[in-house]
Amino acid sequence: MTDPKGFLKTPRETPARVPAERRRQNWLEFYESFPAERLQLQASRCMNCGIPFCHEGCPLGNLIPGWNNLSWQGQWRTALTALHTTNNFPEFTGKLCPAPCESACVLGISDRPVTIRLTEESLANRGWAEGWITPQHPLRETGRSVAVVGSGPAGLAAAQQLRRVGHCVKVYERDDRPGGLLRYGIPDFKMEKWVLDRRLEQMRQEGVAFEMGVEIGVDLPASELLEQFDAIVLAGGCTVPRDLPVPGRHLAGVHMAMEFLVQQNRRCAGTPAPGAAYISAAGKRVVILGGGDTGADCLGTVHRQGASEVVQLELMPRPPDERTSASPWPAHPAIFRSSAAHEEGGTRDWSVRTNGFRGAGGRVAALEACRLQWAAGANGRLEPEVVPGSQFAIECELVLLALGFVSPEASRMLQQLDIKLSERGCVQTGSEYMTEVPGVFACGDMRRGQSLIVWAIAEGREAARAVDIWLMGDSHLPATRGRMCTSVGPTAT
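Presented here is a report on the structure given in the accompanying data block. The structure presented is a predicted model; accordingly, all values stated were derived computationally and were not measured.

**Looking at the packing of helix 5 (residues 64-72) against helix 6 (residues 76-84)**
It is at 8 Å that the axes of helix 5 and helix 6 come closest, and there the two elements cross at 165°. Between helix 5 and helix 6, the interaxial angle falls into the category roughly antiparallel. For the element pair helix 5 and helix 6, the recorded crossing hand is left-handed. Between helix 5 and helix 6, the residues in contact are Trp67, Leu70 and Ser71 and Trp76, Thr78, Ala79, Ala82 and Leu83, respectively. Split into classes, the residues belonging to the contact of helix 5 with helix 6 amount to 6 nonpolar, 2 polar and no charged.

And the structure:
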């Protein structure tokens, strides 16, 4: 086990960030280096609990006490091997996951939790630097073929798992480069894209094929996938944003967050969308609606574009600073959080409802809003009431709607495959990830709705196991979080 007194001797420590003024000047990641000896001390804080609740907090079921112990002992390569048994892309989750595992850490009951995410990312980075991460080729070829539609974290995880057991795998992506929202939705200051590209190169060397610029149902009929492949995995994400139907929504200067973020990410990549008008915050007063991760991504982006003023508004009340009975340990708590982007500037406000936008010359000139008061209703849930006389306006030239996502797109692909959808508009599957169409599976946000990157990877891994069992009768792929898949394939061999 780790140092039995590590959590008593060593306080929690994470890498320092580059000063906000400096990081606003570029699009690079902004964490300082963290020496290995200090990382070992952080790993030593793991208590090696009799019941490690961090396992339950992590959708992937990462073997956290095991690789913390190995890291503390300096057995970095073995620790990385243990990490890779449950997570295909630890450098992605180490940068982008909100770490529900840390929320479930037993040490977190009375102290600051173990730096699980830091160790995870550091192990991956060391593995790449030392040359330990190499292509893993299958022991045999099965002769079976699988099409994966969508190259976000769910699709990539499913594709890599299926290829490693010997299936011929081709990933279809409608964008010009693979990665989904990892590519064009996540700003470079949160994850530089060479981090994604090196994993994609590993997958290519393992034998995964990528077909870019192909939208299934438009450029290629879905019927051809059914004819050419033994199984199909739908991993197209949950990309329909929640809109705000209020007066003035049509005004120029009011944009969906992803329209804005994707455009900037394309510019950083040197591949701006042809003919698209550039949405710039330079010199403008900006309002961001939505207080989640997407809103924070917009905030960091407008800072770097040179916005003159930024206000971020949230409909719900300000969360508490500490856990309450509404989100008891080990649940991931609804508490007040600030991202690095909030350190860089801007104003935040809560319990604000947008009533509409006022324009001048066809462009947005102001946001009109009022304040809300929240109280528990008859069902115990918070319900809003408008505070009398609280109407106010914020002058602005750019408004970004970061209100979350509601469903996958009702695409021609889903129509051509005759896929049944849930009430929320997500692809409906059975317990083994297969739709009502035999051999067609779904995973990630397309199946479960808007969620976390760690859930997407977990779903991609589980869907791959389900596909493997359906094709072969059984599977050597691990079951995520101890879950066993039992579907029987059409022709097991």
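After presenting the structure, the write-up continues.
**Focus on the packing of helix 5 against helix 9 (residues 116-130)**
In the contact formed by helix 5 and helix 9, the axes pass within 11 Å of each other and the chain directions differ by 65°. With respect to the hand of their crossing, helix 5 and helix 9 are arranged in left-handed fashion. Mapping the contact onto sequence places Ile64, Trp67, Asn68 and Ser71 in helix 5 and Ile116, Thr119, Glu120 and Leu123 in helix 9. Classifying every residue of the contact of helix 5 with helix 9 by side-chain character gives 4 nonpolar, 3 polar and 1 charged.

**So, the sheet that holds strand 4 (residues 231-234)**
Within the open sheet, the 5 strands sit side by side as 3-2-1-4-16. Their pairing is parallel. The open sheet is flanked by strand 3 (209-212) and strand 16 (440-442), the only strands paired with a single partner. Along the sheet, successive strands turn relative to each other by an average axial angle of 20°, direction set aside. Pairing geometry for strand 4 and strand 16, over 3 bridges, is parallel. What sits directly across from Leu234, in strand 16, is Ala442. Docked against the sheet, helix 19 (residues 453-472) engages strand 1 (145-149), strand 4 and strand 16, running at close to 165° with respect to strand 16.

**Some remarks on unusual backbone geometry**
Across the chain, the bulk of peptide bonds are trans and the bulk of non-glycine residues have phi less than zero. A cis amide bond links Trp329 with the next residue in sequence, Pro330, at an omega value of 10°. Assignment of secondary structure puts Pro330 in the loop between strand 8 (309-313) and helix 16 (340-343). Positive phi, close to 60°, is recorded for Ala99, a residue that is not glycine. Residue position: Ala99 is located in the loop between helix 7 (90-96) and helix 8 (100-103). The backbone phi angle of Ser351 is positive, close to 55°, even though this residue is not glycine. With respect to the secondary-structure elements, Ser351 resides in the loop between strand 9 (347-349) and strand 10 (352-360). Judged by relative accessible area, Ser351 falls into the buried class, the value being 12%.

**Concerning helix 14 (residues 257-269)**
With 13 residues, helix 14 extends 18 Å between its outermost C-alpha atoms, agreeing within 8% with the 18 Å of an ideal straight helix rising 1.5 Å per residue. All of the buried residues in helix 14 are Ala257, Met258, Phe260, Leu261, Gln263, Gln264, Asn265 and Arg266. Structurally, helix 14 contributes buried residues whose contacts are with helix 11 (181-184), strand 6 (254-256), helix 15 (293-305), strand 14 (398-401) and strand 15 (405-407). Note on helix 14: the residue one or two positions beyond its end, Gly270, has a positive phi of about 80°.

**Some words on the side chain of Arg266**
With respect to the element layout, Arg266 can be found in helix 14. Beyond its immediate sequence surroundings of up to four residues, Arg266 is in contact with Asp175, Asp176, Tyr184, Thr271, Pro272 and Ala273.

**Here we look at the nonpolar core**
Burial of nonpolar side chains together is a common tendency in soluble globular proteins. Within the largest apolar cluster, 67 residues are counted, with the highest numbers of intra-cluster contacts made by Trp67, Phe92, Val146, Met191, Val233, Phe441 and Val467. Top contributing element to this core by residue count: helix 19, with 12 residues. When neighbours within four sequence positions are excluded, Val146 is seen to be in contact with Leu162, His167, Cys168, Val169, Lys170, Phe229, Ala231, Val233, Val467 and Leu471. Formed by 20 residues, the second largest nonpolar core is a distinct cluster that contains Ala147, Tyr172, Leu220 and Met413.

Scoring rules and cut-offs
- Residues numbered from 1 in each chain as written.
- Predicted model: local features only at pLDDT ≥ 70, side-chain atom pairs only at ≥ 80, totals over all residues.
- Heavy atoms only, no water.
- Axes fitted to C-alpha atoms, helices over the stretch in contact; angles between N-to-C directions.
- Helix = DSSP H or I, 4+ residues; strand = E, 2+ residues; numbered from the N terminus.
- Parallel < 35°, antiparallel > 145°, perpendicular 65-115°, else oblique.
- Left-handed = near helix turned anticlockwise from the far one by under 90°.
- Contact = heavy atoms within 4.5 Å.
- Nonpolar A, V, L, I, M, F, W, Y, C, P; charged D, E, K, R; others polar.
- Pairing = 2+ DSSP bridges.
- Buried < 20%, exposed > 50% of the residue type's maximum accessible area, 1.4 Å probe, protein only.
- Expected span 1.5 Å × (residues − 1).
- Core = buried A, V, L, I, M, F, W, Y, C linked by side-chain atoms within 4.5 Å.

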